[in-house]
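# Close look at the chain arrangement
Below are the chains, spelled out letter by letter.
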Amino acid sequence: MTLTRAKYAVTLAAAALGATVFVAAPASAADSHDWKRNCSDDTTYEADVDDHKATTKKKNDGDCQGLAYVRIKVGGEWLAWSDGSSGTATKRSPVYVIEASQHKDCDCSTRNLHTLYP
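### Quick word on the pattern of salt bridges
In total, this model carries 2 salt bridges according to the counting rule given. In this structure, Asp-61 and Lys-36 form a salt bridge, with 3.6 Å as the shortest nitrogen-oxygen distance. Taken together, the positions of Asp-61 in the loop between strand 3 (53-58) and strand 4 (68-74) and Lys-36 in strand 1 (residues 31-37) put the pair 25 residues apart, joining distant regions of the chain. Under the relative-accessibility criterion, Lys-36 is labelled exposed at 52%. For Glu-46, the salt bridge identified is with Lys-59, shortest N-O distance 3.6 Å.

This is the structure:
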């Protein structure tokens, strides 16, 4: 009978330790992506998303004109595009988890649209 209790205690302790390992893992890993917009001197755009923030950033490494754009999907709906007049466009969802994000540069002819998931 004592041996059975010992096995039960060891099993319970192992399960508790296993649960602790999963709880200690990060809540979400961010997804990121970068691409080059084709100009005479290509410009790099960088996109990132996590559970509550999506960002598209235009780097100053080329000569492309225009803005960076981002929008997020929350509650099954795509929200409006935001543009980054400062070179960075950001959308936040402080309460609801972002389901997906879309990022683009301003070159509509090449349709540089990138969809990311947190």
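### Section: the state of the cysteines
Following the criterion strictly, the structure yields 1 disulfide and no others. Through a disulfide, Cys-39 is tied to Cys-64; the S-S separation comes to 1.7 Å. An S-S torsion of about 120° defines the bridge between Cys-39 and Cys-64 as right-handed. Of this pair, Cys-39 sits in the loop between strand 1 and strand 2 (43-49) while Cys-64 is found in the loop between strand 3 and strand 4, placing the two residues 25 residues apart along the sequence.

### Brief notes about the pairing of strand 1
Judged from the 7 bridges that link them, strand 1 and strand 2 form a sheet pairing that is antiparallel. Bridged to Asp-31 within strand 2 is Val-49.

Cut-offs used in this document
Residues numbered from 1 in each chain as written. Predicted model: local features only at pLDDT ≥ 70, side-chain atom pairs only at ≥ 80, totals over all residues. Heavy atoms only, no water. Salt bridge = Lys/Arg side-chain N within 4 Å of Asp/Glu carboxyl O. Helix = DSSP H or I, 4+ residues; strand = E, 2+ residues; numbered from the N terminus. Buried < 20%, exposed > 50% of the residue type's maximum accessible area, 1.4 Å probe, protein only. Disulfide = S-S within 2.5 Å. Pairing = 2+ DSSP bridges.

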